[in-house]
Amino acid sequence: AWQGLVIAGRCRGTFERCVISDCRSAGIRLRNDARPVLRGNLVVGCQGPGMVVWNRAEAQMEDNVFLDNGASETPEETLET
């Protein structure tokens, strides 16, 4: 998959015990005022960063694990995805 979990547009959901792996970009991407709860997730082996947060998004994080993910994205890469 290109990206794992994309949460946007004022989403307030709870995402629990997800396994997100081997993405070509970010494992989790938050944007546009999203405010989810992320609990007990595993993000592993993504080529991009484990998580990207932009455009006023924020998350409540509890017991998540990020392992062996890649480098951060440049602004140009973020705009293309």
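Everything below is about the structure shown above.
Given the structure is predicted, the values throughout are model-derived calculations rather than measurements.

Procedures and definitions
Residues numbered from 1 in each chain as written. Predicted model: local features only at pLDDT ≥ 70, side-chain atom pairs only at ≥ 80, totals over all residues. Heavy atoms only, no water. Core = buried A, V, L, I, M, F, W, Y, C linked by side-chain atoms within 4.5 Å. Buried < 20%, exposed > 50% of the residue type's maximum accessible area, 1.4 Å probe, protein only. Helix = DSSP H or I, 4+ residues; strand = E, 2+ residues; numbered from the N terminus. Contact = heavy atoms within 4.5 Å. Pairing = 2+ DSSP bridges. Axes fitted to C-alpha atoms, helices over the stretch in contact; angles between N-to-C directions.

On to the nonpolar core, then. Formed by Leu5, Ile7, Ile20, Cys23, Ile28, Leu30, Ala34, Leu38, Val43, Cys46 and Ala57, the largest nonpolar core amounts to eleven residues. Elements represented by at least two residues in this core include exactly β1 (5-7) and β4 (28-30). Ignoring sequence-local partners within four residues, the contact set of alanine 34 consists of Ile7, Ala8, Arg10, Cys11, Arg12, Ala57 and Glu58.

This part takes up the sheet that holds strand β7 (residues 51-53). Spatially, β1-β4-β7 is the arrangement adopted by the three strands of the open sheet, whose pairing is parallel. Of all strands in the sheet, those bounded by a partner on one side alone are β1 and β7. With strand direction ignored, the average angle separating the axes of adjacent strands in the sheet is 5°. Relative to β7, β4 runs parallel, the two being bridged by three bridges. Within the sheet, the bridge partner assigned to isoleucine 28 lies in β7 and is methionine 51.

The strands making up a sheet are joined through hydrogen bonds of the backbone, oriented either antiparallel or parallel. On the basis of which strands lie adjacent, the open sheet formed by three strands has the order β3-β6-β9 and parallel pairing. Strands with a single pairing partner mark the edges of an open sheet, and in this sheet they are β3 (19-21) and β9 (65-67). Taken pair by pair, the neighbouring strands of this sheet meet at an average axis angle of 10°, ignoring direction. Alignment of strand β6 (residues 42-44) against β9, held across three bridges, turns out to be parallel. What sits directly across from valine 43, in β9, is phenylalanine 66.

Remember that the coordinates give geometry; whether it matters functionally is a separate question.
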